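# Reading the structure
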Amino acid sequence: MISNLIITNIAPFYRLPLWLKLLKDENLNISFVYGENDKMGIEQVDFQKIENGQYLKRIRKIKNIWFRQKILIWQVGILKIALNTDSKNVIFLGEMYCISTWLAAAIFRIRGRNVIFWGHGIYGNENRFKLFVRKTFYRLAQKHLLYERRGKNQMVKNGFNSKNLYVVFNSLNYSQHKKLRSEFESLNKAKVLSFFKNPNLPTVIFIGRLTKSKKIELLVKVVSEINIKSAKINLIIIGDGPLRDILEKMGQKGLTEKWIYFIGSCYEESKIGSFLSTADLCVSPGNVGLTAIHSLSFGTPVCTHNNFDNQMPEAAAIINNYNGIFFKENDINDLMKKILLWFDRNESRNEQRTKCYKIIDQYYNPNYQLSVFNRIINNLEPDI
């Protein structure tokens, strides 16, 4: 059987459900090569513990060497793999900062292999030089797997053939989330959020790393302003990071009056899901990324900024005034306005859940992604 190969920088734990789908599909016959974590702060897959290690023969770990403050990467041994593998299709993480990918992709092309890049595509905010480099890099591949339609549109705008561009979206642990949905829909909000003085108030939630790019300080300022006279909404923050101490100091009044609560790091899906399901709106003032998929998967609408040039691809899962709402980037007054506007909607929580689930069930799950991998490897045209 013809083999296919996926080469990626790391093995992030959130991708495990998709990797297992790909490994179990006998028609695809896929193997993986991935780089070691190198203390990136991202939870990784331990394949020794996955299904009794039965896939270890098809998974190879190599060493990543990082340069320029972990911006550039060289994957040790990748050129040897490029010279010797018999795989017909080779899928790389489409990251132009991985220097070894440039050479390995060129070698695979010379050897007559099909090269596919899996990534963002063109962002739309590149300067002229960066756009030239990115387009040059992307032309090393015959086809592309892209996280969103916007990336595809930007690629077409820059001269790439739409028939070679496949939108694969992104996903989390869809099967687990779907099993938990019905259970969480009937959770007692007051019991789950008992750490608040008034747990039945409308509740805003953030989940993610507490870093500068997430601009969580805007959210803390907005909720503090809304609650300046008396508590009108609650705020949960899940995650840890370099800004936690600063954020806690900003929210000191809320901590005292018990309308803000810091959960800290949490990787237990049942616990995260209970908080997301009982919250009323997830707000990510900076780029939103997989936080949007996580929140929508548990039926909670998402609010984030509207500048897609500075967004992560997953922001496209949000449909304005349907399963979430957008505010003007960096505009604290507009963020406050949109949060209050959302809570003034005459719509039941169950109606909102149904709208949130719809796009996840349609596109943002490993089942749909598997169908896209089958299309691209079997040389079928994209369905989107």
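Structure: see above.
The sections below set out a description of the structure shown in this document. (Residues numbered from 1 in each chain as written. Predicted model: local features only at pLDDT ≥ 70, side-chain atom pairs only at ≥ 80, totals over all residues. Heavy atoms only, no water.)

The subject of this paragraph is helix H14 (residues 349-362). Helix length check: H14, at 14 residues, gives a terminal C-alpha distance of 21 Å against a target of 20 Å (1.5 Å per residue), a fit within 8%. Along H14, the positions that sit buried rather than exposed are Arg349, Gln352, Arg353, Cys356, Tyr357, Ile359 and Ile360. In an axial view of H14, the angular spread of the buried residues amounts to 165°, which keeps them on one side of the axis. Exposed residues lying more than 90 degrees from the buried face of H14 are Thr354 and Lys358. Buried residues along H14 sit against helix H6 (174-185), helix H11 (269-278), helix H12 (290-297) and helix H13 (332-343). (Helix = DSSP H or I, 4+ residues; strand = E, 2+ residues; numbered from the N terminus. Expected span 1.5 Å × (residues − 1). Buried < 20%, exposed > 50% of the residue type's maximum accessible area, 1.4 Å probe, protein only. Arc of directions from axis to C-beta. Contact = heavy atoms within 4.5 Å.)

On the surface, a cluster of nonpolar side chains totalling about 220 Å² of accessible area is made up of Ile65, Phe67 and Val76. With respect to the helices and strands, the residue Val76 is situated in the loop between strand S5 (72-75) and helix H2 (78-84). By relative accessible area, Val76 is classed as partly exposed at 36%. (Patch = residues over 30% accessible without salt bridge, like charges linked within 9 Å, V, L, I, M, F, W, Y side chains within 5 Å. Areas by Shrake-Rupley, 256 points an atom, 1.4 Å probe, with all protein chains shown as cover. Salt bridge = Lys/Arg side-chain N within 4 Å of Asp/Glu carboxyl O.)

Right, let's get into the pairing of strand S13 (residues 281-284). Here S13 shows no split at all, with Leu281 and Val283 on one side and Cys282 and Ser284 on the other all buried. Examined bridge by bridge, strand S10 (residues 203-207) and S13 share two bridges and lie parallel to one another. In the sheet register, Val204 faces S13, and the bridge partner there is Leu281. For S13 and strand S14 (residues 302-305), the ladder comprises three bridges, and the chain directions are parallel. The partner of Ser284 across the bridge, within S14, is Thr304. Handedness of the crossover joining S13 and S14 through H12 is recorded here as right-handed. (Pairing = 2+ DSSP bridges. Right-handed = clockwise from strand over helix to strand, strands pointing away.)

Once that is clear, we can look at the environment of Ala279. With respect to the element layout, Ala279 can be found in the loop between H11 and S13. Note on Ala279: relative accessible area 0%, which makes it buried. Between the alpha carbons of Ala279 and Pro301 there is a distance of 9.3 Å; along the sequence they are 22 residues apart.

For the structure on display, the rule yields 17 salt bridges. Note that Arg244 and Glu248 form a salt bridge whose closest N and O atoms lie 2.9 Å from each other. Highlighted residues: Arg244 and Glu248, both in helix H9 (residues 244-250), separated by four residues, approximately one helical turn. A salt bridge links Arg345 to Glu347; the shortest N-O distance between them is 3.0 Å. When its relative accessible area of 17% is taken as the criterion, Glu347 is described as buried.

Looking now at the sheet that holds S13. If you walk across this open sheet you meet the six strands as S12-S11-S10-S13-S14-S15, and the pairing is parallel. Each end of this open sheet is capped by a strand with a single partner; those strands are strand S12 (260-264) and strand S15 (324-327). Adjacent strand axes in the sheet meet at a mean angle of 25° when their direction is disregarded. Strands in contact with H11 are S10, strand S11 (234-238) and S12; relative to S10, the strand with the most contacts, it is inclined by about 145°. Seen against the sheet, H13 touches S10, S13, S14 and S15 and runs at an angle of roughly 160° to S15. (Axes fitted to C-alpha atoms, helices over the stretch in contact; angles between N-to-C directions.)

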